[in-house]
Amino acid sequence: MNCDNCVNYVYDEDYECYTCQQDLDEDEMGKFLSGSFDNCPYFRLDDEYGVVRRQM
């Protein structure tokens, strides 16, 4: 899984960078910052067309 494809990974205009919107504990934040946060329990695929498919 890649954070770039996660719905929780959004651009923060105040910090001018992408951030995770989930409240991560200290261990999770360390993994996130080091780039080794594999199998994230909060990962949800950012499927922007998912809503449209459900409406059809």
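Worth saying up front: this structure is predicted, and the values here are computed from it rather than measured.

Two strands pair when backbone bridges link them, and strand E1 (residues 9-12) and strand E2 (residues 17-20) are joined in this way by four bridges, in the antiparallel orientation. Bridge pairing in E2 links Tyr 9 to Cys 20. Where E1 folds back onto E2 in an antiparallel hairpin, the turn is made up of four residues, including Glu 16, whose phi is positive at roughly 55 degrees.

Looking at where Asn 2 falls in the secondary structure, it is placed in the segment before E1. With 41 residues separating them in the primary sequence, Asn 2 and Phe 43 have C-alpha atoms 8.5 Å apart.

As a further point, take the state of the cysteines. Enumeration according to the criterion identifies zero disulfides in this entry. You can see Cys 6 has no disulfide; the closest cysteine sulfur is in Cys 40, sitting 6.1 Å from it.

Looking now at helix H1 (residues 26-34). Put simply, Asp 25 is the residue that caps the front of H1, since its side-chain oxygen is 3.1 Å from the backbone nitrogen of Asp 27. Residue Gly 35 follows H1 closely and has a positive phi angle near 80 degrees.

Conventions we followed
- Think of each chain on its own: its residues are numbered from 1, step by step along the sequence as written.
- Since the coordinates come from a predicted model, pLDDT governs what is reported: local features require at least 70, and pairs of side-chain atoms require 80 or more to be given and counted, while whole-chain, interface and lining totals use all residues.
- With hydrogens and water set aside, each side-chain value is computed from the structure's full complement of heavy atoms.
- Two strands qualify as a pair provided DSSP detects at least 2 bridges between them.
- Going along the chain from the N terminus, every DSSP run of H or I of four or more residues is numbered as a helix, and every run of E of two or more is numbered as a strand.
- Two cysteine sulfur atoms form a disulfide, by the criterion used here, when they sit within 2.5 Å.
- Polar contacts here mean pairs of N or O atoms no more than 3.5 Å apart (in protein, one a potential hydrogen donor and the other a potential acceptor; neighbouring residues in sequence count only if both atoms are side-chain atoms).

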